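Commentary on secondary and tertiary structure
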Amino acid sequence: MIRFKGERVSVLKDSPFNGAGKIQVCNLINGPEELLNCGRVLAHTIVYPGSSIGYHTHTGENEIYYILKGKARFNDNGTMREIQAGDVTITYPGEGHGIEAIGKEPVEMIALILKEKMET
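Here's what I pulled together on the structure shown here. (Residues numbered from 1 in each chain as written. Predicted model: local features only at pLDDT ≥ 70, side-chain atom pairs only at ≥ 80, totals over all residues. Heavy atoms only, no water.)

Another point: the packing of aromatic side chains. Inspection of every chain in the model, using the stated rule, returns one aromatic pair. Here Tyr65 and Phe74 contribute two aromatic rings whose centre-to-centre distance is 6.2 Å and whose plane-to-plane angle is 80°, an arrangement assigned as edge-to-face. Comparing Tyr65 with Phe74, the two get one shared label, buried. (Phe/Tyr/Trp six-rings, centres within 6.5 Å; stacked < 30°, edge-to-face > 60°. Buried < 20%, exposed > 50% of the residue type's maximum accessible area, 1.4 Å probe, protein only.)

Right, dumping it as structure tokens:
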């Protein structure tokens, strides 16, 4: 199957988890079924300068960010680290994270959320 760029819809929305500003999300899949029910999100996400996704924890799932463009301040379980294009973050079940775009360009990333245990 191929899902062409023009077939996807991007949504501009308020930043989640009490984050600041706005983010843009383009789901690359049409629901968990396309991840064989092993995950629930595969998205191209843009965090605009001055915007952030607030700190939140994951229960029963992990979240991976692959940073495509820009620089960010990443909250990794309370430890603040600067990340940039090419970096990958992994937040495991029971852990928390948040991300804030820093600098003049937006942070573009691929976000993947996978379930801790496969559903049958």
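Time to look at the environment of Ile23. Its location among the elements puts Ile23 in strand 2 (residues 22-27). Under the relative-accessibility criterion, Ile23 is labelled buried at 2%. Residues Ile23 and Tyr48, spaced 25 residues apart in sequence, show a C-alpha to C-alpha distance of 6.2 Å. Ignoring anything within four residues of it in the chain, the contact list for Ile23 reads Val11, Leu12, Lys13, Ser15, Pro16, Thr45, Ile46, Val47, Tyr48 and Ile53. (Helix = DSSP H or I, 4+ residues; strand = E, 2+ residues; numbered from the N terminus. Contact = heavy atoms within 4.5 Å.)

Purely spatial values, then, with no claim about function.
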